[in-house]
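As a plain string of letters, each chain reads:
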Amino acid sequence: MRLKALIQIQLRSSASAGITVMMSLVGVLIIAMVGTCVETARYTACSGQGCEVLRVGTDALLTEYSKPLYDNYGLFFIEDNGEPFERVIARYVGAGMKNTPGFTDFLKGELCSLSINEKIHVGDNEAEPLADEIKEYMKRFATADGLRSLLGKVSKLSDAEDTATAIEQTVDEEREDTKLDKRILRLMLLVDGVRISRSGSVTCDKYFVKKYAVVDNYTGADFGITEAKVWNSVKRQINKNPVEFNDIGPKFLSGIKAVREKTEKAIEEGERLKRDYATAKHSDMAARIIAGLPSLAGNLRVLKETEKLLSNVNTSVKETKLKLKELWKDYDTDSLSFDYSGVSAAKGDDADPLNSLGSAIGDGILSLVCKNPEKLSEKGIKKPDKYAEYYKSQPVKKDDYTNRVKSLTQDREVSLSGTLGDVVEYGLDEFMLDSYITKMFPSYIEKNEKKDKDGNKWKRSLNYGWEYVVAGNGSDKSNLESVISRILALRSITNFTAILADPIKRAEAFAAATAVVGFTGLVFLIHFTQTLFIAAWAFAESLCDIAALLQKRDVPLIKTSAQIKTSFPEMFLLTNGAICSRAMRYTPESAMSFGYKEYIIMFLMMTPGKLYRIMDLIENDMKKNGYDGFSIGKCVFKIDVEAGFRFPAKFFHLPGISRILNRDLSGYEYNCRISAGYL
């Protein structure tokens, strides 16, 4: 019995011990499971903590933006030219990873690695970061109503390019027609030997087709010349030897050969004239000249036969003279004639407004339209379009609009097209950008003086910033002249149309053209000159318009003939004082005016690469104000940061759990990547 009882007690003890072991194992497993869940939750919290401190550290870096850049231009960018960004962020992250006293250290970890994968600078992606910053800044100032108002005004010039093309085509056609007239002028010189200057003075060559008289007591009528001024010059060169042939020696033979060569050239020129006459507009003078051309062939025969007779040494002098007298009866000096009726009325270069305009413009447009040209800015920058070249932006065509006037005055060509581009896709974003330019930078008409943080005047590298963004030249003067020349070409289009529409003004221009080239009697040349004079008139009027715009006066965008301020006689008075005085005939500008600022914005609409030119201005201004090491190209808008963190294990690191898992987990790592910028 006692043995049986002992066996039962031992069995009960063994069962109790087994249950205890089993419960212990279950307890450990439960603890391990709970620890795993807690550690997993902690891992999630730690990864979030790492990402958060990285973002806070990156944002803390971005708070170190360039203060003067923001104060003076309203732009948020950080300079990348001091302590490396990685080191700054690491310092901020390290501070955020430290355990706060009195709190659990469950989230405590350490930064293992940090790198910046990408930096987006101001000028990247065609300077899109700069555009975005400007847009955000200008949302407070630029409105859709302002855009609609501007586009409504600009639309009035929508036909300007077509009008310019039509004017140029008209001039080209008239110039083509003058080819017939130029043939006549060359023929005139060969046949009559006449040279008539623009001043109306007449000279005569030594040899020409009508060199010889065949009648005694000849008059101008015998040579088809009825204008006394021309005849007085020609008759001094006439040789009347063929009347009696008193001299048939070597000198006479030499003269015959020279006249024969002139006659051959005249016949060739006459053939060209007939070809041009077949394709050009008909001219009464050309028709009369062509009718008289056959006389040249008869004269050529006479001259050639004369050369043979004079070269024949076997014929006696008496016999030679008899043959010559009979031969020269066929020499014709009056069938082919020209109209010189306008020579006496010629007034010469002094009556030519093109010469007046060319002389006035010789010292530059700025000296004519600026009220105080001696006070123009002399500032310049060494590297215009620096950032456009750095980013290999599409090169901007820099049209020298000053050559438009020179083309007219020197080459007698009218060039007006190409002053306007395509503004179809111009929207609010572009309008805000252009408004930013006119708000932040100075111009000829807006000094735009700013003060720095110490109350000192903010210095400018260029006084004409608007003009630089439009033109992109290295000096204030060249930029202003380029802009003004462009306005000049544009205004000349509308002014030309207004003058041409007025019959009285057309008549004035025609009378002036007749006074200058009417001596030729060539109608096409007169009409062509009339058109050039109207173009010169339009340019002169446009100089007055520009002077008024620079004085902030109201110049109608599209004029009527009655609104033309410059009379034809005033075209010969193109001085600074006279132009600026006429400009005062305009009333002061109003809110509805299309002034100088609107022309600038209109040109900005059509200017590619202007964001890079804004960068040029900002950088040069910053350096001008003592920030010598500033480089806007190195300023950063957005960064992409990647960091690696290590967090020590808390629950996985318990000895019991480590033995059960058969591994020692001292910690784990977490990588985080974020992007941060100013928008």
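The notes below deal with the structure included here. It should be emphasised that the depicted structure is a prediction, and the values quoted were computed from it without experimental measurement.

Once that is clear, we can look at the packing of aromatic side chains. This model, assessed by the stated rule, comprises 26 aromatic pairs. Arranged with centres 4.8 Å apart and planes meeting at 85°, the rings of phenylalanine 594 and tyrosine 599 form a pair that is edge-to-face. Positioned above the aromatic ring of phenylalanine 141, the side-chain terminus of lysine 439 is 4.1 Å from the ring centre. Sitting above the plane of the tyrosine 586 ring, lysine 565 keeps its charged end 5.0 Å from the centroid.

Attention shifts here to the side chain of lysine 153. Note that lysine 153 resides in helix α5 (residues 144-154). We note that lysine 153 is buried and unpaired, the nearest opposite charge coming from glutamate 598 at a distance of 4.7 Å. Filtering out sequence-adjacent residues up to four positions away, lysine 153 remains in contact with Leu557, Ala591, Met592, Ser593 and Phe594.

Below, the discussion takes up helix α23 (residues 596-605). With respect to burial, α23 is a largely interior element, 9 of its 10 residues being buried. Regarding α23, the residues found buried are Tyr596, Glu598, Tyr599, Ile600, Ile601, Met602, Phe603, Leu604 and Met605.

Glancing now at the side chain of asparagine 625. Tracing the chain through its elements places asparagine 625 in the loop between α24 (610-624) and β5 (635-648). The buried category is assigned to asparagine 625, whose relative accessible area is 18%. Non-local contacts of asparagine 625, meaning those with residues more than four positions away in its chain, are made with Lys457, Trp458 and Lys459.

Tallying each qualifying case throughout the model produces 34 salt bridges. Between glutamate 269 and arginine 183 there is a salt bridge; the shortest N-O distance is 3.0 Å. Placement of the pair is glutamate 269 in helix α9 (residues 250-279) and arginine 183 in helix α6 (residues 160-192), with a sequence separation of 86 residues. Take glutamate 269 and arginine 183: they sit in the same class, and that class is buried. One salt bridge connects aspartate 545 with arginine 491, and the closest N-O pair in it is separated by 2.8 Å. With aspartate 545 in helix α21 (residues 523-550) and arginine 491 in helix α19 (residues 476-500), this pair connects stretches of sequence that are 54 residues apart. Taken individually, aspartate 545 and arginine 491 each receive the classification buried, so the pair is uniform in this respect. Through salt bridges with shared partners, one network takes in Arg183, Arg186, Glu269, Arg272 and Asp276.

Packing of α6 against helix α10 (residues 284-292) brings their axes to within 11 Å, and their N-to-C directions diverge by 45°. Put simply, α6 runs oblique to α10. Crossing handedness for the pair α6 and α10: left-handed. Taken together, the residues of α10 that come into contact with α6 (itself represented by Leu180, Ile184 and Leu187) are Met285, Ala286 and Ile289. For the contact of α6 with α10, the class distribution of residues is 6 nonpolar, no polar and no charged.

Glancing now at α19. Here α19 spans 36 Å end to end across 25 residues, near enough to the 36 Å set by a 1.5 Å rise per residue. The buried fraction of α19 is high, at 20 of 25 residues.

Glancing now at the environment of cysteine 672. Its location among the elements puts cysteine 672 in strand β6 (residues 667-677). Considered as a pair, cysteine 672 and valine 641 are 31 residues apart in the sequence and their alpha carbons are 8.3 Å apart. Beyond its immediate chain neighbours, meaning those up to four positions away, cysteine 672 contacts Cys51, Leu54, Val641, Glu642, Ala643 and Phe645.

Per the counting criterion, the structure on display carries 1 cavity of 30 Å³ or more. Here the largest cavity defines a volume of roughly 30 Å³. For the lining of the largest cavity, a count of residues per class yields 4 nonpolar, 4 polar and 3 charged.

Turning to the state of the cysteines, a few remarks are in order. Scanning the model with the defined rule gives 0 disulfides in all. Just so you know, cysteine 51 is unpaired, no disulfide at all, and the nearest cysteine sulfur is the one on cysteine 672, 3.1 Å from it.

Most of β5 sits out of view: 10 of its 14 residues are buried. The pairing of strand β1 (residues 78-79) with β5 spans 2 bridges and is classified as antiparallel. Paired with glutamate 79 across the bridge in β5 is cysteine 635. Strand direction decides the pairing type here: strand β2 (residues 110-121) and β5, joined by 10 bridges, are antiparallel.

This part takes up the environment of aspartate 545. For aspartate 545, a relative accessible area of 0% translates into the label buried. Setting aside chain neighbours within four positions, we find aspartate 545 in contact with Arg491, Asn495, Val555, Lys559 and Tyr586. In terms of polar contacts, aspartate 545 uses its side chain to reach the side chain of arginine 491, at 2.8 Å. At a separation of 2.9 Å, a polar atom in the side chain of aspartate 545 contacts the side chain of asparagine 495.

Once that is clear, we can look at the packing of helix α13 (residues 353-361) against helix α16 (residues 403-411). Two packed helices can be described by the angle between their axes and the distance between those axes. Two numbers describe how α13 lies on α16: the axes approach to 9 Å, and their chain directions differ by 140°. With respect to each other, α13 and α16 are oriented oblique. For the element pair α13 and α16, the recorded crossing hand is left-handed. Counted together, Leu354, Leu357, Gly358 and Ile361 of α13 and Val405, Leu408 and Thr409 of α16 form the full contact between these two elements. Of the residues contributing to the contact of α13 with α16, the split by class is 5 nonpolar, 2 polar and no charged.

Basis of the calculations
Residues numbered from 1 in each chain as written. Predicted model: local features only at pLDDT ≥ 70, side-chain atom pairs only at ≥ 80, totals over all residues. Heavy atoms only, no water. Phe/Tyr/Trp six-rings, centres within 6.5 Å; stacked < 30°, edge-to-face > 60°. Lys NZ or Arg CZ within 6 Å of the ring centre and 35° of its normal. Helix = DSSP H or I, 4+ residues; strand = E, 2+ residues; numbered from the N terminus. Buried < 20%, exposed > 50% of the residue type's maximum accessible area, 1.4 Å probe, protein only. Lys, Arg positive; Asp, Glu negative; His and termini not counted. Salt bridge = Lys/Arg side-chain N within 4 Å of Asp/Glu carboxyl O. Contact = heavy atoms within 4.5 Å. Axes fitted to C-alpha atoms, helices over the stretch in contact; angles between N-to-C directions. Parallel < 35°, antiparallel > 145°, perpendicular 65-115°, else oblique. Left-handed = near helix turned anticlockwise from the far one by under 90°. Nonpolar A, V, L, I, M, F, W, Y, C, P; charged D, E, K, R; others polar. Expected span 1.5 Å × (residues − 1). 1 Å grid on protein atoms, 1.4 Å probe; cavity = no way out; pocket = protein on both sides within 12 Å on 5 of 7 lines; lining within 4 Å. Points joined across faces, edges and corners; volume = space filled by probe spheres on them. Disulfide = S-S within 2.5 Å. Pairing = 2+ DSSP bridges. Polar contact = N/O pair within 3.5 Å; in protein donor to acceptor, adjacent residues only side chain to side chain.

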